[in-house]
Every structure is written in structure tokens, then in C-alpha cells.
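Here is how the chains run, residue by residue.
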Amino acid sequence: MFRKTHSKDRDTTIFQELKNELSPHLAGVNGHLKGLMDRHAKIIFCVMLLLIVSSFILTFFVLKPTSENQAQNFKKELKPIPGELSGEFSAIQDLTLRAAKMAELKAEIDRIIAQDSISKTDSAYLEKAIEHLQYFNNHSHEN
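Thresholds applied
- Residues numbered from 1 in each chain as written.
- Predicted model: local features only at pLDDT ≥ 70, side-chain atom pairs only at ≥ 80, totals over all residues.
- Heavy atoms only, no water.
- Core = buried A, V, L, I, M, F, W, Y, C linked by side-chain atoms within 4.5 Å.
- Buried < 20%, exposed > 50% of the residue type's maximum accessible area, 1.4 Å probe, protein only.
- Helix = DSSP H or I, 4+ residues; strand = E, 2+ residues; numbered from the N terminus.
- Contact = heavy atoms within 4.5 Å.
- Phe/Tyr/Trp six-rings, centres within 6.5 Å; stacked < 30°, edge-to-face > 60°.
- Salt bridge = Lys/Arg side-chain N within 4 Å of Asp/Glu carboxyl O.

A. Representation of the nonpolar core. Counting eight residues, the largest nonpolar core consists of Met-102, Leu-105, Ile-109, Ile-112, Leu-126, Ala-129, Leu-133 and Phe-136. Those elements that provide at least two residues to this core are α4 (83-113) and α5 (120-142). If we skip the residues at most four places from it in the chain, Leu-133 touches Met-102, Leu-105, Lys-106 and Ile-109.

Okay, structure coming up:
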């Protein structure tokens, strides 16, 4: 394998030479895999379906992380990062949370304002939402 390969064509690349060198071996492996798949196609298909269903069940029902657990895991992942960068990550996380909250509040305010008549609960919510938006705007200008 580690012998010098001389090429008559100067434009050949390493990948082309590797392909020429390994193609007989890969063709043999490819033939064996095709034969195995042809003989056991139903079993392979059933195993694939079983893996998909089991991963779906595990993802959404068994290994469902809580938001508190995710925050703790995120903090654990940040510990190996130097202090300067962890501060930056937490600042970015804080900004994304604020932006999401502001977008949610703006959408809710637009929905309430678009109504023909506003109930007392909507009016109270609207006041609180506007206060929150003002707080976020003032807080973002300070930073």
C-alpha cells in the first residue's frame, strides 16, 4: 500500500490514484453487500422501521428533557469554555430570549388591536404587554 505510484498522466490526483488502487477491493465488498441485501431485504426493512419507531418513542416520550434540565446541561457545557466566552454565550442566549418574548408580545398586541371591541381582560393584558415592551426597549438601550 505504501509504495510509490508512478503515473504517466501528470494531471492525475491522489484521489484518482486511490480509486484505481482500491476499486477492485471495493467492488468485491459492494458485491457481497448487494447479495446480503437481496437475500435479507424484508428483515433489513423491518429492522429499519423498528429503529425509526423506537427512536421516535424515545425522543418524544421517554427521554423528554425538561426546560430546567436543558438549562442546567447548557451551563455544564459552558463550564469548560473560558469565562469570557461563557459570558458572551449567556448574553446571546439572553438576547434571543428577549427577542422571542418581544416578538410574542408584539404579535399579541397586534392581535388585540385588530379586534373591533376589546374586553377588560384584553385591555389589562394590553397594558401589561406594553409595559413589558417598554421595559425591554429601555433595557436594550442601556446595554
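B. Structural context of the packing of aromatic side chains. Overall, the coordinates contain two aromatic pairs when judged by the stated rule. Both rings, one in Phe-56 and one in Phe-60, keep their centres 4.9 Å apart while their planes meet at 55°; by these two values the pair is tilted. Residue Phe-56 and its partner Phe-60 are both found in helix α2 (residues 41-62); the two are separated by four residues, about one turn of the helix. Ring centres of Phe-56 and Phe-61 lie 6.1 Å apart, and the angle between their planes is 80°; on these two criteria the pair is classed as edge-to-face.

C. Main features of the pattern of salt bridges. One pass over the full model with this rule turns up two salt bridges. Salt-bridge contacts for Asp-94 lead to Arg-98; the nearest nitrogen and oxygen are separated by 3.2 Å. You can see Asp-94 and its partner Arg-98 sitting in helix α4, four residues apart, about one turn around the helix. A relative accessible area of 35% means that Asp-94 is categorised as partly exposed.

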